[in-house]
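# Results of the structural survey
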Amino acid sequence: MLGKTAGGLYWMFRYLERSENTARLVDAGFRIALTHSSVAEDEWKSVISTAGQKIAFNERHDRYTSANVVDFLLRDISHPASIMSMTEAARSNARMVRTALTREVWEATNECCMVLRSLLEKPIADRDLPFALRTIRQHSALVRGALHGTMLRNEIFNFARMGTFIERAESTARILDVKYYVLLPSVSFVGSSLDNVQWETILRSVSAATAYRQVHGSEPAAQTIADFLIFDKRMPRSLAFCRSKINSNLAYLADEYNERSACLDLSEAMSLRMAEQSIDDVFEHGLHYFIQDFIRQNNILSHKIEEDFRFNG
Amino acid sequence: MNNDSRFFNEMLGHGSERRAPYAEYGAWLDGEDVQRLHQMSGEAEVFFRRTGITFNVYGEPASTERLIPFDVVPRIISGREWDKLVKGIDQRVRAINAFLHDIYHRQEIIKAGRIPAELIAKNDAYLPQMAGFSPPSNIYTHIVGVDLVRTGQDEFYVLEDNARTPSGVSYMLENRETMLQLFPELFTRIPVKRVQTYPATLHRALSACAPAAARNAPVVAILTPGIHNSAYYEHSFLADQMGVYLVEGQDLRIVDGRVAMRTTRGYTPIDVLYRRIDDDFLDPLTFNPHSLLGVPGIMDIYRAGGITITNAPGTGISDDKAIYSYMPEIVEFYTGQPALLKNVETYRCSEPDSLAYVLDNLSELVVKEVHGSGGYGMLVGPAASTAELAAFEAKLRARPSNYIAQPTLALSTVPILSDAGLAPRHVDLRPYVIVSPSGVEVTPGGLTRVALKEGSLVVNSSQGGGTKDTWVLED
């Protein structure tokens, strides 16, 4: 496969994943803003920092109102990390790697973009936001469905999946990082309704509220949530899950190419280091420190993948 | 349907009775509701958009992708009519390849005084780098799209021989796919020859022209200028259908005397490159030094037998509009037979007598730039305003050798589905020809372009033309 094609697949699925995660973040933020107007601006502010878009936002807006944040994250095409821009970027990459995709995957991607163009043509009123977010999530689910249902499990699939999981790992890590203060044991006094809402938000931002209840019951606790999102290998958005998927995709490539890549060594070493720690260790050394380190490692791995498989020359 | 008897209507002839090739389709049509046809027309558009069959228009923002309008009424040609055309095309394409070989070697045709020497020597499309070089199997034009127009029952003319990088074949295939989805019942009722064999035939032909350096199954790739090119959809479609690589210049470099592409596992040599960029951009070391689309050094590798480039560089010398007027002589010179397909009478404005005639009769003629394409820079005399005629006259006087002129042909019409029901519109036809060491193959079908505006004779998509599915019947 061409290095450029591998890169196109990788980025196509990074963009799709990021767009879907942004929709989840907005959904979670909107729910808090709706029910606790006193903290609405703070909440929107934290949504923007989780998305890593503080500077770009401040260049365009003064206040963290729901209208500003929603417009910025959903439909501002001058902003490369808005859902619309990322969907266009995903489609553009899909066009570039068209020959690697099945007709179903291409059409689902193309249609996703067409639907979003008309959905996001005008500003979204608060009352239409749930519908808009649902539509966005549905269409990215269709692309994923087409990918799983029609694509050969070969190198093409591996690069697509690695894009997804590198992006997802970063996204979950960012959510933990921005919200880490509510997860710190010192402030986790039980009973405050706002804290419960915050925890609920964290779980909602990764679509894990139900999964969490199934595993840990209905009483959320800070350390358990952190443990769930970092170490639980059954939870498809946890850091450990993403790590193991990247390992297995790199291992498939090593099999197919009959050559072990340097990034597989790196990836496995990272997983190993993570497996040696428990949630107690993490809190003892500092959650923030742990997450920052994870994000840094994740970036290094991403660059290493691009280099080892010659995405850009 | 309102039928203008000055033009041959392919469904109705010059009268009002349906011609035989349209009998079965007409019987089906009689049982159809126009409302349903309009609805199908809308569905065709959705199909094209969802599939992403779009083109970019130069001069518009890169993100603007447009659809070529598709008309749901097929253009139908009988098997007998088609076989006649194929014989003519076969002859013409063989002559073009013989001509190219001659021009880049001994130039017998010039020595024989059949075409003037300066026509070649002074032509930008002639590439001195090709002189003395023979491509594998002496095939220069592996892929040709011969533009034909019809003016009567048995009257076909060649308008242009597209022997460089003819486009539009994806429309032939997607138009058929669309018709199969919209009207499956028609294809059980009417025996239409298949066009879907095209990608496999092309892949076989390209592989058969692999250079001596190729090992095992030849590696074939299509070279595209990239996703912003107007024909990008077609490039990716063909690569997808043939199961070959789609590469850009930046994916390629010379490694160990071969043109190689950057894969996830290092550089792999390419054996056959179907390039969809012009000669000028192919190799910045040999041609346009500013080109970023090509591969520096590819011409050296080509001449050394390290890669086959299709179509060969320098084929433009055979489809140049100045050469066109000599095609009857060229066909006869190399095949020993008179040309089966007619040329349109052509006035070379470089010749003083012709120029005088053209200037006197400008409002009756079609004037084209010798190197133009896509319907840009041409004048359709009968449709032009006085101001346009005057402006063009000035251009002609300033650079006469830049133009040729032809009589305005009474192009045949085929009905389209208009807002007011079926209505005749002018069409042309581009059949797709593949040349391989085992012979010349013409896919039974082609691209029918249709001028959607009433009375218009300009069918180019860049000028508001649409397309139709083209049926060749088993008969």
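This text goes with the structure placed above it.
Residues numbered from 1 in each chain as written. Chains lettered and ligands numbered in written order. Predicted model: local features only at pLDDT ≥ 70, side-chain atom pairs only at ≥ 80, totals over all residues. Heavy atoms only, no water.

### Looking at the pairing of strand β19 (residues 421-430) of chain B
Residue and element names in this part refer to chain B. Burial within β19 is extensive, with 9 of its 10 residues counted as buried. Where strand β18 (residues 413-418) lies against β19, 6 bridges are found, and the strand directions are antiparallel. Bridging across to β19, proline 415 finds its partner in proline 424. Hairpin geometry of β18 and β19 is characterised by an intervening segment of 2 residues between the two adjacent antiparallel strands. Judged from the 4 bridges that link them, β19 and strand β22 (residues 447-451) form a sheet pairing that is antiparallel. Bridge assignment links arginine 430 to a residue of β22, and that residue is leucine 447. (Buried < 20%, exposed > 50% of the residue type's maximum accessible area, 1.4 Å probe, protein only. Helix = DSSP H or I, 4+ residues; strand = E, 2+ residues; numbered from the N terminus. Pairing = 2+ DSSP bridges.)

### Quick look at helix α1 (residues 3-35) of chain A
For α1(A), built from 33 residues, the straight-helix expectation of 48 Å at 1.5 Å per residue is met to within 8% by its first-to-last C-alpha distance of 48 Å. Burial analysis of α1(A) places 27 of its 33 residues in the buried class, the great majority of the element. (Expected span 1.5 Å × (residues − 1).)

### Observations concerning the nonpolar core
Ranked by internal contacts, the top residues of the largest apolar core, which has 100 residues, are Leu74(A), Phe159(A) and Ile230(A). Each residue touching Phe159(A), except ones within four places of it in the same chain, is listed here: Met1(A), Ala6(A), Leu9(A), Tyr10(A), Leu253(A), Tyr257(A), Phe309(A), Phe311(A) and Thr264(B). The next biggest cluster of nonpolar side chains, apart from the first, holds 60 residues, and it includes Met11(B), Met40(B), Val192(B) and Tyr233(B). (Core = buried A, V, L, I, M, F, W, Y, C linked by side-chain atoms within 4.5 Å. Contact = heavy atoms within 4.5 Å.)

### What about the interface of chain B and chain A?
It is common to give the size of an interface as the accessible area lost on bringing the parts into contact. Every contact between the two is made by 24 residues of chain B and, on the other side, 27 residues of chain A. Together, the buried faces of chain B and chain A total about 2,300 Å²; carbon and sulfur atoms form 46% of this surface. Summed over the three residues of chain B that lose the most area to chain A, namely Arg50(B), Arg262(B) and Thr264(B), the buried surface amounts to 31% of that side. Connecting chain B to chain A are 5 salt bridges. Close ionic contact of Arg103(A) with Glu174(B) constitutes a salt bridge, the shortest N to O distance being 3.6 Å. Linking chain B with chain A are 15 residue pairs in polar contact (both at pLDDT 80 or more), by the criterion used here. Of all elements in the fold, only α2 (34-51), α9 (232-242), β7 (245-247) and β9 (258-263) of chain B reach the threshold of two or more residues within the side of chain B that touches chain A. The greatest single-element share of the side of chain B that touches chain A, amounting to 5 residues, is contributed by α9(B). Residues belonging to the side of chain B that touches chain A are distributed by class as follows: 9 nonpolar, 6 polar and 9 charged. (Buried area = accessible area lost by both parts, 1.4 Å probe. Salt bridge = Lys/Arg side-chain N within 4 Å of Asp/Glu carboxyl O. Polar contact = N/O pair within 3.5 Å; in protein donor to acceptor, adjacent residues only side chain to side chain. Nonpolar A, V, L, I, M, F, W, Y, C, P; charged D, E, K, R; others polar.)

### Brief notes about unusual backbone geometry
A cis amide bond, omega -20°, links Thr310(B) with the succeeding residue Asn311(B). Mapped onto the elements, Asn311(B) comes out in the loop between β12 (308-310) and α12 (321-324). We note that Asn258(A) has phi near 60°; this positive angle belongs to a residue other than glycine. For Asn258(A), the position within the fold is in the loop between α13 (239-257) and α14 (262-275). Of note in the backbone geometry, Asn138(B) takes a positive phi value of approximately 55° without being a glycine. For Asn138(B), the location among the structural elements is in the loop between α5 (117-121) and β4 (143-152). Look at Asn138(B) and you get partly exposed, because its relative accessible area is 36%.

### Considerations on the sheet that holds strand β14 (residues 347-348) of chain B
Residue and element names in this part refer to chain B. Within the open sheet, the 4 strands sit side by side as β14-β17-β15-β16. Their pairing is antiparallel. Two strands close off the open sheet at either side, each with one partner strand: β14 and β16 (379-380). In this structure, strand β15 (residues 365-369) lies alongside β16, joined through 2 bridges in antiparallel fashion. Across the sheet, the residue bridging to valine 366 is valine 380, located in β16.

### Regarding the sheet that holds strand β6 (residues 220-223) of chain B
All names here are of chain B. Taken together, 4 strands build an open sheet; the order of strands is β7-β6-β11-β12 and the sheet is parallel. One side of each edge strand has no neighbouring strand; the edge strands of this open sheet are β7 and β12. Averaged over all pairs of adjacent strands, the angle between their axes in this sheet comes to 25°, without regard to strand direction. By the bridge criterion, 3 bridges tie β6 to β7 in an arrangement that is parallel. The partner of leucine 223 across the bridge, within β7, is valine 247. (Axes fitted to C-alpha atoms, helices over the stretch in contact; angles between N-to-C directions.)

### Regarding the packing of helix α7 (residues 129-150) of chain A against helix α8 (residues 155-178) of chain A
Residues and elements named next belong to chain A. Interaxial distance between α7 and α8 falls to 11 Å at its minimum, and their mutual angle equals 145°. In this structure, α7 meets α8 at a crossing whose hand is left-handed. Taking contact as the criterion, the partners of Arg144, Leu147 and His148 in α7 are, on α8, Phe157, Ala160, Arg161 and Arg168. Looking at side-chain class alone, the contact of α7 with α8 contains 3 nonpolar, 1 polar and 3 charged residues. (Left-handed = near helix turned anticlockwise from the far one by under 90°.)

### Description of the pattern of salt bridges
Taken as a whole and judged by the stated rule, the model has 54 salt bridges over all chains. Measuring nitrogen to oxygen at the nearest pair gives 3.1 Å for the salt bridge that ties Arg103(A) to Glu107(A). You can see Arg103(A) and its partner Glu107(A) sitting in helix α6 (residues 103-119), 4 residues apart, about one turn around the helix. Residue class for Glu107(A) comes out buried when judged on its relative accessible area of 14%. Taking the shortest distance from any N to any O, the salt bridge between Asp469(B) and Arg176(B) comes out at 2.9 Å. Residue Asp469(B) is found in strand β23 (residues 465-472), and its partner Arg176(B) is found in helix α6 (residues 169-182); the two are separated by 293 residues along the sequence. Residue Asp469(B) shares its accessibility class with Arg176(B), and that shared class is buried. Salt bridges here are not isolated pairs; linked through shared partners, they connect Arg14(A), Arg18(A), Glu167(A), Glu170(A) and Arg174(A).

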